[in-house]
Amino acid sequence: MDSATSVTLQPIVLMGVSGSGKSTVGESLAAASGRIFIDGDDLHPAANKEKMAAGIPLTDDDRWPWLLRIGERLAVGDGVIIACSSLKRTYRELLREYAPDAYFALLSGTRELLAERLAGRHHEYMPTTLLDSQLATLEPLGADERGGVFDIARPVGELVAEIRDALAADQPVDIAAPAPGDIICE
Ligand SMILES: Nc1ncnc2c1ncn2[C@@H]1O[C@H](COP(=O)(O)OP(=O)(O)O)[C@@H](O)[C@H]1O
Ligand SMILES: O=C(O)[C@H](O)[C@@H](O)[C@H](O)[C@H](O)COP(=O)(O)O
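So, a few notes on the structure that sits alongside this text. Owing to the predicted nature of the structure, the values given are computational and were not obtained by experimental measurement. (Residues numbered from 1 in each chain as written. Chains lettered and ligands numbered in written order. Predicted model: local features only at pLDDT ≥ 70, side-chain atom pairs only at ≥ 80, totals over all residues. Heavy atoms only, no water.)

**Details of the site of ligand 1**
At step 1: In the region of ligand 1, 14 residues are neighbours, and G19, K22, S23, T24 and R121 sit closest.
At step 2: Between K22 and ligand 1, the recorded distance is 2.8 Å, taken from a side-chain N or O atom to an oxygen atom.
At step 3: S23 is positioned such that a nitrogen or oxygen atom in its side chain is 2.8 Å from an oxygen atom of ligand 1.
At step 4: Across the complex, the protein chains shield 77% of the 560 Å² of accessible surface that ligand 1 would expose by itself.
At step 5: When atoms are counted within 2 Å of each cavity's grid points, the one that captures over half of ligand 1 is the largest pocket.
At step 6: It is helix α1 (residues 22-33) that contributes the most residues to the shell around ligand 1, three residues altogether.
At step 7: When its residues are assigned to classes, the shell around ligand 1 shows four nonpolar, six polar and four charged. (Near = heavy atom within 4 Å. Polar contact = N/O pair within 3.5 Å; in protein donor to acceptor, adjacent residues only side chain to side chain. Areas by Shrake-Rupley, 256 points an atom, 1.4 Å probe, with all protein chains shown as cover. 1 Å grid on protein atoms, 1.4 Å probe; cavity = no way out; pocket = protein on both sides within 12 Å on 5 of 7 lines; lining within 4 Å. Sits in = over half its atoms within 2 Å of the grid points. Helix = DSSP H or I, 4+ residues; strand = E, 2+ residues; numbered from the N terminus. Nonpolar A, V, L, I, M, F, W, Y, C, P; charged D, E, K, R; others polar.)

Here's what the structure looks like:
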């Protein structure tokens, strides 16, 4: 008889400031692990995109509706990988209300490297001038927050491997407890 345990895939949030590689690493990680990737950029209300395009940083009130959309997607329970800057701890706390087992992979690097990466890419709406406000807003992961910090100076393939290894080494909630009514095999 099959084991009664059911396996759930924990969602992964690629977090960090603009240009840290959330979309690039997230897409690669999803391809390597057979998961769905969603870019949080695509879930911003149009007003947020217009504001950022005008070079104005978002406020908390701008971000809450966006974070709610992301939380709802995380809550589906299919192990989705989402790129979402998640700059403040309060934002991550909101996302954890939807997905308590979410793993936050913080992509971290120097301002110099971030500026270089931003200068080398084209983005639908995000100007490079918002980098400093993003860095000022970023609150690093607390020791009690589930996740890890990854160095963006590493090649994408290495980052993907490092995140997969870190997740594999930290999966206390990967195997869900038997649900009521499950038949337990001795
Ligand atoms: N680890 C990396 N090594 C080299 N280039 C990278 C790396 N990660 C991202 N990039 C490049 O840096 C730029 C910013 O990455 P992107 O994924 O758009 O960041 P974000 O989604 O966080 O804004 C892109 O041009 C991307 O190709
Ligand atoms: O909370 C925010 O201020 C935004 O979400 C921001 O953090 C995000 O970076 C933009 O959506 C641009 O997208 P990129 O991160 O892909 O540049």
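Moving on, there is more to tell.
**Some words on the site of ligand 2**
At step 1: Neighbouring residues of ligand 2: 14 residues in total, closest S18, K22, R63, S85 and R121.
At step 2: Here K22 contributes a side-chain N or O atom positioned 2.7 Å from an oxygen atom of ligand 2.
At step 3: Between R63 and ligand 2, the recorded distance is 2.6 Å, taken from a side-chain N or O atom to an oxygen atom.
At step 4: In the complex, the protein chains occlude 98% of the 400 Å² of accessible area that ligand 2 would expose alone.
At step 5: A molecule is said to occupy a pocket when more than half its atoms come within 2 Å of that pocket's grid points, and by this definition ligand 2 occupies the largest pocket.
At step 6: For the shell around ligand 2, the per-class residue count stands at five nonpolar, five polar and four charged.

**Remarks on the pairing of strand β6 (residues 147-151)**
At step 1: The side-chain alternation of β6 yields one buried face, formed by G148 and F150, and one unburied face, formed by G147, V149 and D151.
At step 2: Pairing of strand β5 (residues 103-108) with β6, which is carried by five bridges, proceeds in the parallel orientation. Counterpart to A105 in the pairing with β6 is G148. (Buried < 20%, exposed > 50% of the residue type's maximum accessible area, 1.4 Å probe, protein only. Pairing = 2+ DSSP bridges.)

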